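Coordinate inspection notes
Each chain, written out:
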Amino acid sequence: MKKKIPYTTKKKIYGFLFITPWLLGFLLFFIVPFIQSCLYAFQDLETTEKGMVGTWVGTYNFSYALFRDTDFIVQCANSLKDLITVPLILVYSLCFALLLKKEYPGRTTMRAIAFLPVIIGSGVLMDIMKQDVFSSGVKGAETVYLFSGGGLTGLFSSMGLPMNVIEFVNNIISKIFDLTWRSGVQILLFLAGLHNIPEYVYEAAQLEGANALEQFFKITLPMLTPMILLNVVYSVIDIFSDFGNQIIQMIYNTAFSNVRFGYASALSILYFIMIAVVLIVVYLLMRHFIVRPED
């Protein structure tokens, strides 16, 4: 008699199959350049007719970045300030996911629209934005003409609205645009988490007399804590890896404009370590609040 595979084992197998393409991509296209960059970080590289020739300088590039290059430290601090937007992204994504979970005409279309920024951001439009057609990368609604001085500001001015009101409205629209642009994946993850919560839990809560607000804070939010952690990690990485990030531009210019490949590699390694430390801190702070199904 053929032995059946347990359901939990099947889930593990399916999960491994889903991440297999990423693992193959990591092994084939990432691990070798990463090791190469680590080696370059300890060298002073020069381009010659025979190719790049490196001179071993030990930890000089790292010490220079940490103790002499003040611009790098300042940019790191500015990048950490950008993490303030993570809670806003989480709240916006969760609210949007709660709306998309409800059944109404056009729900599938709304879900597709919610994910459009991710599709657009990985395609041709993002490459156009990188070439400074709108501005220097995607940093908010102020980079698009519709939300610039010639767009809504001009429209509101023609209506006779005072400048303080115009600036207030523009700031709100800028935040909405930026949050929508960054929240596509997080919305889908929250939506998947909401569909994983059994309906009988809500039915039991209703029988006990719990209202909608109590159900949200006692059932929905605790059951979504694994997805909240996942979305925090994703949002942090997304913010740090954004093309408009000043450190990424600094590393790019150091390597390809100033032709200092060794120093650029050292900056990349230090930036990678900084991101890893932030993610470890996030996990240590949040792990005690994670509610697992077996709990």
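Not measured: the values here are computed from a predicted model.

Definitions and cut-offs
- Residues numbered from 1 in each chain as written.
- Predicted model: local features only at pLDDT ≥ 70, side-chain atom pairs only at ≥ 80, totals over all residues.
- Heavy atoms only, no water.
- Core = buried A, V, L, I, M, F, W, Y, C linked by side-chain atoms within 4.5 Å.
- Buried < 20%, exposed > 50% of the residue type's maximum accessible area, 1.4 Å probe, protein only.
- Helix = DSSP H or I, 4+ residues; strand = E, 2+ residues; numbered from the N terminus.
- Contact = heavy atoms within 4.5 Å.
- Axes fitted to C-alpha atoms, helices over the stretch in contact; angles between N-to-C directions.
- Left-handed = near helix turned anticlockwise from the far one by under 90°.
- Nonpolar A, V, L, I, M, F, W, Y, C, P; charged D, E, K, R; others polar.
- Phe/Tyr/Trp six-rings, centres within 6.5 Å; stacked < 30°, edge-to-face > 60°.
- pLDDT = per-residue confidence, 0-100.
- Salt bridge = Lys/Arg side-chain N within 4 Å of Asp/Glu carboxyl O.
- Pairing = 2+ DSSP bridges.

What to know about the nonpolar core
- Ranked by size, the top nonpolar core spans 46 residues in total, and within it Phe72, Phe190, Val232, Phe240, Leu267 and Tyr271 carry the most contacts.
- Breaking this core down by element, the ones donating at least two residues are helix H2 (60-67), helix H3 (70-81), helix H4 (85-101), helix H9 (184-196), helix H10 (199-207), helix H12 (225-240), helix H13 (246-256) and helix H14 (261-286).
- If you tally residues by element for this core, the top one is H14, at twelve residues.
- Once residues lying within four places of it in the same chain are set aside, the contact partners of Leu267 are Ala65, Phe72, Met250, Ile251 and Thr254.

Re the packing of H2 against H14
- One can describe the packing of H2 onto H14 by two numbers: an axis separation of 9 Å at closest approach and a directional angle of 65°. For the crossing formed where H2 meets H14, the hand is right-handed. Side by side, H2 and H14 meet where Asn61, Phe62, Tyr64, Ala65 and Leu66 of the first sit next to Gly262, Tyr263, Ala266, Leu267, Ile269 and Leu270 of the second.
- Looking at the contact of H2 with H14 residue by residue, the classes come out as nine nonpolar, two polar and no charged.

Quick look at the packing of aromatic side chains
- Scanning the model with the defined rule gives 13 aromatic pairs in all.
- A ring pair is formed by Phe30 and Phe34, whose centres lie 5.8 Å apart and whose planes are at 15°; its orientation type is stacked. With a gap of four residues between them, Phe30 and Phe34 both fall in helix H1 (residues 7-40), about one helical turn apart.
- Given the relative accessible area of 42%, Phe30 is considered partly exposed.
- Accessibility expressed as a relative area gives 25% for Phe34, which makes it partly exposed.

Quick word on the confidence of the model for the protein
- Across the protein, the average pLDDT comes to 81, with 83% of residues at or above 70.
- Mean pLDDT values over the elements of the protein span from 51, in helix H6 (residues 124-130), up to 94, in H14.

Things to note about the pattern of salt bridges
- What the rule picks out here adds up to two salt bridges.
- A salt bridge links Lys101 to Glu199, with the nearest nitrogen and oxygen atoms 3.4 Å apart. On the criterion of sequence distance, the pair formed by Lys101 in helix H4 and Glu199 in helix H10 is long-range, its members being 98 residues apart.
- A salt bridge links Arg182 to Asp238; its shortest N-O distance comes to 3.6 Å. Taken together, the residues span a long stretch of sequence, with Arg182 in helix H8 (residues 163-182) and Asp238 in helix H12 at a distance of 56 residues.
- Overall, the relative accessible area of 13% leaves Arg182 in the buried class.
- Classification of Asp238 by relative accessible area gives partly exposed; the value is 25%.

Considerations on the pairing of strand S1 (residues 43-48)
- Pairing of S1 with strand S2 (residues 51-56), which is carried by six bridges, proceeds in the antiparallel orientation. If you follow Thr47 over to S2, its bridge partner there is Met52.
- Linking S1 to S2, which pair antiparallel, is a turn of two residues.

Notes on the environment of Ile84
- Relative to the helices and strands, Ile84 is located in the loop between H3 and H4.
- For the pair Ile84 and Val236, spaced 152 residues apart in sequence, the C-alpha separation works out to 10.0 Å.

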